[in-house]
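# Architecture and fold: a report
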Amino acid sequence: MSRAEAEARAEAVRVGDTEVRKPNPLWTFGLFRSELLTTFRRWRTIALLAVLAAVPILIGIAIKIETRDGSTAGGGGGEGPAFISQITNNGLFLVFTALAATLPFFLPMAIGVIAGDAIAGEANAGTLRYLLVAPAGRTRLLVTKYATTMTFCLVATLVVALSALTVGALLFPLGELTTISGTRISFTEGLGRALLIALVVAASLIGVAALGLFVSTLTNSGIAAMATTVGLLITIQILDQIPQLHALQPYFFSHYWLSFADLMRDPVYWDDLVRNLGLQGLYAAVFGSAAWARFTAKDITA
């Protein structure tokens, strides 16, 4: 983004600006809308969403090819990626499989890129000072950046789910679903659970978003912030697989990510779901506070 564009952007979000220059809700909405437009118009964002949408397509085609002779896909079981064994019977299971396949890496990587670039990218482009000229101040700008990142979390998750639902409907039959518990539910209820699972997956990423935003306040290099966030993500994923660290693993933000499979039980198991959401809230509070403390005290030179 050029300095001229940044100046125009700062001017565009001054909705309701007055002589006293007191921020108001309309100004905040203008800033949020501007951030959303700026984020989702970037080619990088479009490319990330395209990759996420392609994952269910590739999975669906691969399963269709694998099962063209009547064989069963996957290895059965029931949880996480094992939903793959049910796809040939009901295309809606491709939604659950795609979310399970993208959640460990693709989705959090995309969130890490957007969050890591939130502040550092503006500083690197020399546009951060222009945004702070507006009357909202650093706190409101930081909150707006986080809200924009969380919106991307939701959009990215829904892109995966909708792509999977479309491919599943085109390549496989649809109908009643058999839950992990062995009971059958209607297709309509299955769609409702798919939507709820997508929302839970999006909520599972708020810890990564807060971590990325904090890292973004530590440097003026957007690339460095993005690389650091993704590196931390990969490191935590590796540590979460080491048996000797079992005492620490329940505190890793990724530990309960696949607990969304419990929404396909009848009745639903809530214990791990609640632990997951509580842990994400804790990460959001800790790293969100750290990001605020760092950003409000940071010397803005760009």
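None of the values given here were measured: they were computed from a predicted structure.

## Concerning the overall build of the protein chain
Scanning the protein chain for helices and strands turns up eleven helices and two strands. Ordering the α and β elements of the protein chain from the N terminus gives α-α-α-α-α-α-α-β-β-α-α-α-α. Looking at the 302 residues of the protein chain, the share that counts as buried comes to 47%. Across the protein chain, every contact between residues at least 6 apart in sequence was considered, and the portion connecting residues at least 24 apart equals 75%. Total accessible area on the protein chain is roughly 13700 Å²; 66% of this is exposed by carbon and sulfur atoms.

## Quick word on the pattern of salt bridges
Enumeration over the complete set of coordinates arrives at seven salt bridges. Lys 145 is the partner of Glu 35 in a salt bridge, and the nearest nitrogen-oxygen pair spans 3.0 Å. Note that Glu 35 is positioned in helix α2 (residues 25-41) and Lys 145 in helix α7 (residues 137-171), a separation of 110 residues in sequence. The exposure class of Glu 35 is buried, given its relative accessible area of 2%. Given the relative accessible area of 4%, Lys 145 is considered buried. Residue Asp 272 pairs with Arg 275 through a salt bridge whose shortest N-O separation is 2.6 Å. With a gap of three residues between them, Asp 272 and Arg 275 both fall in helix α11 (residues 271-297), about one helical turn apart.

## What about the packing of aromatic side chains?
In total, this model carries seven aromatic pairs according to the counting rule given. Between the aromatic rings of Phe 214 and Phe 287, the centroid separation amounts to 5.9 Å while the plane-to-plane angle is 50°, which identifies the pairing as tilted. Separated by 73 residues along the polypeptide, Phe 214 in helix α9 (residues 206-216) and Phe 287 in helix α11 bring together distant segments of the chain.

## A closer look at unusual backbone geometry
In this structure, the amide linkage connecting Asp 266 to the following residue, Pro 267, adopts the cis form with an omega of 5°. The residue Pro 267 is located in the loop between α10 (222-239) and α11 in this model.

## Observations concerning the nonpolar core
Judged by nonpolar contacts, the single largest core of 60 residues is most densely connected at Val 95, Phe 96, Leu 99, Phe 152, Ile 197, Phe 253 and Phe 260. For this core, the elements supplying multiple residues, two or more each, are α3 (43-66), α4 (93-102), α5 (106-125), α7, α8 (187-203), α9, α10 and α11. Of all the elements, α7 adds the most residues to this core, at eight residues. Aside from chain neighbours lying at most four places away, what touches Ile 197 is Phe 96, Leu 99, Phe 260, Leu 263 and Met 264. Counting residues in each nonpolar core, the second largest holds eleven residues, with Ala 123, Leu 141, Leu 213 and Ala 291 among its members.

## Looking at α9
Within an α-helix, residues lying three or four positions from one another point in the same direction, as the helix has 3.6 residues per turn. Within α9, ten of the eleven residues are buried, which leaves it mostly tucked inside the rest of the structure. Along α9, the residues classified as buried are Ile 206, Gly 207, Val 208, Ala 209, Ala 210, Leu 211, Gly 212, Leu 213, Val 215 and Ser 216. Buried residues along α9 sit against α5, α7, α8, α10 and α11.

Quick notes on the rules
Residues numbered from 1 in each chain as written. Predicted model: local features only at pLDDT ≥ 70, side-chain atom pairs only at ≥ 80, totals over all residues. Heavy atoms only, no water. Helix = DSSP H or I, 4+ residues; strand = E, 2+ residues; numbered from the N terminus. Buried < 20%, exposed > 50% of the residue type's maximum accessible area, 1.4 Å probe, protein only. Contact = heavy atoms within 4.5 Å. Areas by Shrake-Rupley, 256 points an atom, 1.4 Å probe, with all protein chains shown as cover. Salt bridge = Lys/Arg side-chain N within 4 Å of Asp/Glu carboxyl O. Phe/Tyr/Trp six-rings, centres within 6.5 Å; stacked < 30°, edge-to-face > 60°. Core = buried A, V, L, I, M, F, W, Y, C linked by side-chain atoms within 4.5 Å.

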